[in-house]
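The residues making up each chain are set out below.
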Amino acid sequence: MKNKLTRNPLSVWVAALSLGVAVVPAGAQESDGRSEAEVGEAMEQIEVTGIRASQRQSVDVKRNSEVIVDSIVAEDIGKLPDVTIADSLQRVTGVQIQRTAGEGTSLNVRGMPQVLTTLNGEQFLSPWTITDVGANYSDIPASMISGVDVYKSQGAALSAGGISGVVDLKTRNPRDLESGWTGAMNVEGSQGSITEDDNYSADTFVGFNGERFGFTLGAFKSNSNSANYQIWEDMRLGFVNAGGDPLDLNGNGDLNDRYLVPGGYGVNAYVMEREREGYAGSFQFDISPSLEFSADVFYTKMDQFDRGVETNFNGMNSDNYDVLRPGTITSREVVLPAEGDTPERVINSLQVAVVEAPDFQATTQSIQNHTDALNANIELKFDNGGPFTGSLRYVRGKAEKTYEKAVFQQGTPEWYWVDEDGDGMDDPVEPFWVTVDFRDEYPSFLFDEDLSGTDRLNLFQGFGEGTEQEATLDVFRADGSYQFDIASFTSVDFGLRHGRRDVESQRFIYMTPTGYYSTWADPNVPEELWYQPLPGDFVWQQYPDWNDFAGNAQLGIEPFDALRDMLISYNDFGPFKGWGDGVAALDPKALDDVNGFMNFLYPGAQRFVDPSRAYSVTEDETSAYGQLNFANESGVFGIPFEGNLGLRVVETRREVVNAVYDQQAVPEEGNYYGGGYPATYGQPQGWQIMYKSLGTETTKTSFTDVLPSANINFFPREDVVVRFGYAETMSRNDLVNVGEGETLWYQEYRVYTPDGNQVDENGERYKMVTSPGGGNHQGNPHVKPWRANNYNVSTEWYFGEGGILGLGLFLIEVESATQTLQEARAYPDSDGVVRRTANIWTTKNVPASDLKGFEVGYKQAFRSLPGLLANTGIEANYTYSDNDSGSVDLVGNSFPLNSNSKHQANMILWYQGDRLSTRLAYNWRSDIFQGEAGLNTNEAPISLGNWAEAAGYLDASINYDLFDNVSVYLQGTNLTETNYRNYAQFESQLRSINVQERRLALGVRMRM
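Every value quoted in this text rests on a predicted model; they were computed, and no experiment measured them.

## Details of the overall build of the protein
Inference 1: When its secondary structure is counted, the protein shows 8 helices and 51 strands.
Inference 2: A compact globule built from 1008 residues would reach a C-alpha radius of gyration of about 30 Å, and the protein, at 31 Å, matches this within 12%.
Inference 3: Projected onto the principal axes, the alpha-carbon positions of the protein cover approximately 100 × 60 × 55 Å.
Inference 4: Burial statistics for the protein: of 1008 residues in total, 58% are counted as buried.
Inference 5: Restricting to contacts in the protein with at least 6 residues of sequence separation, those with at least 24 account for 73%.
Inference 6: For the protein, the exposed surface amounts to about 40,300 Å²; the carbon and sulfur share of it is 52%.

See below:
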């Protein structure tokens, strides 16, 4: 395939200039001879102003730490090495990141996402992950962070909450600035290789360091647009109800074949717009020579809009996923033996689908997320030069997140019969024939229909829904340290901490006053009630009926001419080919005002809070720790050592409040909205009910964790450190897995019975019943936190200024894990008869085995090379992590823990001259386990793995100092336009693909 870099000369220039200054690593340099105390003193005096200085300081942080830590340090005020914090952190040995619309958002350490993220050493609220202890780094402007420490081994004095590590984000300390005033400003413009909109970001910083006080104030604002084109579908199992493949699509003569098929065949074409702003401030005042007061505030706000159009050829015919037709190309994967009432099944993957789809649907959506968070801190520190030092600290956090979605879908549903030939009899809608080829880099579509108008898309319906979450955090802590000299013990650290986190979550939905006794000549409804609106609260619908653009005279609905005039032909489907003149849709921005849009479609629509989906969780955590520090210059066999022994005890008290109701019970009249005609007779339809209020139940639980730790570092040479670390660790649960109640989604299907009120095309009588098709019950108030034993051994050779060669071994014994998985549950159909089961996602504690591996890291500045090469350097690392979650796939192979890649590697080449600096960085991960694929089937569940393919990302940057205080820079991310591809268990079974574009940014940085 042609190299995509050739598509844009600017990308080629970025890469070429970076490669032009890269060199092969030279031999190790001699140590500069400084003692550790001198290194620490020099580190405090460093004013970081470039790649070389940033690398040197990050190496010094690692060298002087008592535990195993890796760091990134801003190259200058407001300048981390990459565009986002997550992108910078992926360069750290053992850190793996996840991406959304091409941007790094979250991470794991050594293969586990159970990582605590702190701000200046203490817990904070990240509004995007408001229920979790981790962070979504898209919330946090990178320009407001001065550095990040990634702790891989833990001591008792470190905040508890991370299984495999703790990530500490650091803002700039005003007392570390040069004396007097400091100021900086960055202005940047950028553009993606697919999206057409220009993007911008701007940040400013001002600081003052005086004789007795100092302060900093920084602000940030940006707008970015990123391509978010996707193909994404849950897996289904084809030909289940038929008992096998009656068409023998693969021609093998065996009719026991089942096919892994998507629920539909189409494309999601979105552009994600992110508007961010924030500010950070810090104030420090020396009350006296021994007493210091400090206060910090950190505010972030983001408005994210994911706008676009989805296309979907229906993959279901009636209630069967049997739309594949001859010409389909499949691959036989595995044979599953008979189990109970389920016969032997031959599982096949799908490469080319020839589909006879009963209908097509085009869906316009505006998906919004609005986040807002304020984290504040005040602290009083005491240090009079004596043996005792201490601090008192209070942290307050408040965060809010609103998710809102508006949906407008058009189509001609399978059940929509019209009189096409004018003979007075309704005729079924003709199916859509489409061929989808999944074998190429981008799947392609082939069909003959014109979908750009309303000829075949003459019906529509709209929905609006969302969730609101808010949280508060209060932390009080007292820490102290006392120095002494008894044997080899030098000091003791101790402290108390109490934290309280409150989270409330509720779902809302826009209901429409559009319910009728019947919209057709329904024999189950008295004739005099046909086409009549339902009375009172029964009129409300969560899911409005389909309307025709031509209106409906029988229902008194006028033609929707104004809406029809708003339609456009949407044809921006990125690299996915075959969509011709496009499909009829609305401009997605027309849906941004959800309330206004819903009332335009359905006058009188109102927003209702769904009490069945509301929950609140309060977690009170009280902890105490003590840590003995020791050091001995004589050491063992003449080898000096230092380290610590500690213990932290954490008591967690949890209170969960959620709704009490029975999904299958008939609610009392007057206590709910909607329900349709059956509700007037006390038999409401499950998917249309909205409760007015519900009772609640409160569940209280508590648990105590005793977490010992030990770290010892040996210094066999002045430039070599050998570290051993042990810690028992725990990580709190995502509160979604603690508080969320049971919710079901419903489907209709035929039940053939002699007393049925409908007749099929063969003259057989049947009735339609409603049945749960699946759902979620992820909240488990009694779920326990993750717990593990963490072992670390590392050897580090500091062979020169900013140079290190390190090797680390790690073992994480996971004693208790939390897993979300499907279980089959039986529910009665709407007529009270239990016929089928539904697969429900639940949360459980499960055992898990060890996570083990090793990592190698290397950094060097090539000062000994001649000429310009003396200004070059390298960073390289590799991590191997292997584990077993305790779950197995359909053939018995073990699944790893979620989000883990077994192999990860980074390579960074850089040049730092007097005025010109450049960096070329490559990050690669092997296949990523993304959890079990949710296979929707009413047969026995099948355990399939959802995997992301191995992928590498190439980034580059160039910086040139025009003047001493003014520089320009050019930055390119994902230069090779690497995509994010997922497959369901078998590499030939595409589950999803996310298109990720190349981005180029040009900026100016000024400093005073």
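Following the structure, the description resumes.
## Quick look at the pairing of strand β44 (residues 916-925)
Inference 1: Extensive coverage of β44 is indicated by the burial of 7 of its 10 residues.
Inference 2: As paired elements, strand β43 (residues 903-912) and β44 share 9 bridges and run antiparallel to each other. Paired with Ile908 across the bridge in β44 is Ala921.
Inference 3: Joining the antiparallel neighbours β43 and β44 is a turn of 3 residues.

## Let's talk about the sheet that holds strand β5 (residues 122-123)
Inference 1: Read across the open sheet, the 5 strands follow the order β1-β6-β7-β4-β5; overall the sheet is mixed. Each of the sheet's edge strands pairs with one partner strand only, and the pair in question is β1 (69-73) and β5.
Inference 2: Taken together, the 5 bridges between strand β4 (residues 115-119) and strand β7 (residues 165-170) define a ladder with parallel strand orientation. Across the sheet, residue Thr117 finds its bridge partner in β7, namely Val167.
Inference 3: Of the strands in this sheet, β1 and β6 (147-151) touch helix α3 (residues 51-64), which is tilted by about 155° from β1.

## Points about the side chain of Asp203
Inference 1: Following the sequence through the fold, Asp203 ends up in strand β9 (residues 199-209).
Inference 2: Excluding anything up to four places from it in sequence, Asp203 contacts Ser143, Ala184, Met185, Asn186, Ala219 and Phe220.

## A look at the environment of Thr753
Inference 1: Within the secondary structure, Thr753 is located in the loop between β35 (743-752) and β36 (758-759).
Inference 2: Classification of Thr753 as buried rests on a relative accessible area of 17%.
Inference 3: For the pair Thr753 and Arg613, spaced 140 residues apart in the sequence, the C-alpha separation amounts to 36 Å.
Inference 4: Discounting residues that sit within four places of it in the chain, Thr753 has contacts with Arg765, Tyr766 and Lys767.

## Some details on empty space enclosed by the protein
Inference 1: Overall, the coordinates contain 12 cavities of 30 Å³ or more when judged by the stated rule.
Inference 2: Approximately 440 Å³ is the volume found for the second largest cavity.
Inference 3: Looking at the second largest cavity, it is lined by 35 residues, and the ones nearest its centre are Asp70, Ser71, Thr93, Lys859 and Glu875.
Inference 4: Contributing elements (two or more residues each) for the lining of the second largest cavity: α3, β1, β38 (786-800), β39 (803-828), β41 (850-861) and β42 (872-883).
Inference 5: Looking at the lining of the second largest cavity element by element, the count peaks at 6 residues for α3.
Inference 6: Looking at the lining of the second largest cavity, its residues break down into 13 nonpolar, 12 polar and 10 charged.

## Here's the deal with the packing of aromatic side chains
Inference 1: One pass over the full model with this rule turns up 42 aromatic pairs.
Inference 2: Seen in terms of ring centroids, Phe313 and Trp579 are 6.1 Å apart; in terms of plane orientation they differ by 20°. Their pairing is stacked. Of this pair, Phe313 sits in strand β16 (residues 291-314) while Trp579 sits in the loop between β27 (568-570) and β28 (583-585); the two residues are 266 residues apart in sequence, bridging distant segments of the chain. Like Trp579, Phe313 is buried.
Inference 3: Lying over the aromatic face of Tyr749, Arg836 brings its terminal NZ or CZ to 3.7 Å of the ring centre.

## What about the nonpolar core?
Inference 1: Membership of the largest hydrophobic core comes to 40 residues, with the highest contact counts inside it found for Tyr265, Phe313, Leu324, Phe360, Phe576 and Trp579.
Inference 2: Breaking this core down by element, the ones donating at least two residues are β13 (257-262), β16, β18 (345-357), β19 (360-383), β21 (432-437), β22 (444-447), β28 and β50 (990-994).
Inference 3: Considering each element in turn, this core owes the most residues, 4 residues, to β18.
Inference 4: Setting aside residues no more than four positions away along its own chain, Tyr265 makes contact with Thr311, Asn312, Phe313, Gly315, Val323, Leu324, Leu350, Ala353, Val355, Val436, Phe438 and Phe445.
Inference 5: Ranked by size, the runner-up nonpolar core spans 27 residues in total, among them Ala86, Leu89, Leu107 and Ala280.

## A closer look at the pattern of salt bridges
Inference 1: Tallying each qualifying case throughout the model produces 43 salt bridges.
Inference 2: Put simply, Glu273 and Arg307 hold a salt bridge, and the shortest N to O gap is 2.8 Å. With a gap of 34 residues between them, Glu273 in strand β15 (residues 268-288) and Arg307 in strand β16 connect regions that are remote in the sequence.
Inference 3: When its relative accessible area of 11% is taken as the criterion, Glu273 is described as buried.
Inference 4: Asp964 serves as the salt-bridge partner of Arg915, at 4.0 Å between the closest nitrogen and oxygen. Residue Arg915 is found in the loop between β43 and β44, and its partner Asp964 is found in the loop between β47 (951-963) and β48 (966-973); the two are separated by 49 residues along the sequence.

## Considering unusual backbone geometry
Across residues other than glycine, the phi torsion is negative in most instances, and most of the peptide bonds are trans.
Inference 1: The backbone of Asn120 sits at a positive phi, close to 55°, despite the residue not being glycine.
Inference 2: Looking at where Asn120 falls in the secondary structure, it is placed in the loop between β4 and β5.
Inference 3: What makes Asn120 partly exposed here is its relative accessible area of 26%.
Inference 4: Look at Tyr531: it is not a glycine, yet its phi comes out positive at around 65°.

## Some thoughts on helix α6 (residues 594-601)
Inference 1: Among all positions of α6, only Val594, Phe597, Met598 and Leu601 are buried. What you see down the axis of α6 is that its buried residues fit within an arc of 95°, all on one side.
Inference 2: Residues of α6 that are buried in the fold lie against β19, β20 (388-411), β23 (459-486), β24 (489-513) and α5 (561-565).

## A word on the side chain of Ser190
Inference 1: Considering the arrangement of structural elements, one finds Ser190 in strand β8 (residues 180-192).
Inference 2: Note on Ser190: relative accessible area 15%, which makes it buried.
Inference 3: Those residues in contact with Ser190 that sit more than four places away from it in its chain are Asp198, Asn199, Arg999, Leu1000 and Ala1001.

## A word on a nonpolar patch on the surface
Inference 1: Where nonpolar side chains cluster on the molecular surface, the patch consists of Phe724, Val793, Trp797, Leu805, Leu807, Leu809 and Val856 and spans about 540 Å² of accessible area.
Inference 2: For the nonpolar patch, the secondary structure elements donating two or more residues are β38 and β39.
Inference 3: Of all the elements, β39 adds the most residues to the nonpolar patch, at 3 residues.
Inference 4: Residue placement: Leu807 occurs in strand β39.

## Details of the environment of Ala948
Inference 1: Structurally, the position occupied by Ala948 is in strand β46 (residues 944-948).
Inference 2: On a C-alpha basis, the gap between Ala948 and Gln778 in space is 24 Å, while along the polypeptide they are 170 residues apart.
Inference 3: Apart from residues no more than four positions distant in its own chain, Ala948 is found in contact with Asp927, Ile928, Gln930, Tyr980, Arg981 and Asn982.

## Quick look at the confidence of the model for the protein
Inference 1: Predicted confidence across the protein gives a mean pLDDT of 86, with 92% of residues reaching 70 or more.
Inference 2: No element of the protein has a lower mean pLDDT than helix α1 (residues 9-20), at 33, and none a higher one than α6, at 97.
Inference 3: Here residues 1-48 scores under 50 on pLDDT; set against residues more than four positions off or in separate chains, the count is 96 contacts.

The rules behind the values
Residues numbered from 1 in each chain as written. Predicted model: local features only at pLDDT ≥ 70, side-chain atom pairs only at ≥ 80, totals over all residues. Heavy atoms only, no water. Helix = DSSP H or I, 4+ residues; strand = E, 2+ residues; numbered from the N terminus. Rg over C-alpha atoms; globule rule 2.2 N^0.38 Å. Buried < 20%, exposed > 50% of the residue type's maximum accessible area, 1.4 Å probe, protein only. Contact = heavy atoms within 4.5 Å. Areas by Shrake-Rupley, 256 points an atom, 1.4 Å probe, with all protein chains shown as cover. Pairing = 2+ DSSP bridges. Axes fitted to C-alpha atoms, helices over the stretch in contact; angles between N-to-C directions. 1 Å grid on protein atoms, 1.4 Å probe; cavity = no way out; pocket = protein on both sides within 12 Å on 5 of 7 lines; lining within 4 Å. Points joined across faces, edges and corners; volume = space filled by probe spheres on them. Nonpolar A, V, L, I, M, F, W, Y, C, P; charged D, E, K, R; others polar. Phe/Tyr/Trp six-rings, centres within 6.5 Å; stacked < 30°, edge-to-face > 60°. Lys NZ or Arg CZ within 6 Å of the ring centre and 35° of its normal. Core = buried A, V, L, I, M, F, W, Y, C linked by side-chain atoms within 4.5 Å. Salt bridge = Lys/Arg side-chain N within 4 Å of Asp/Glu carboxyl O. Arc of directions from axis to C-beta. Patch = residues over 30% accessible without salt bridge, like charges linked within 9 Å, V, L, I, M, F, W, Y side chains within 5 Å. pLDDT = per-residue confidence, 0-100.

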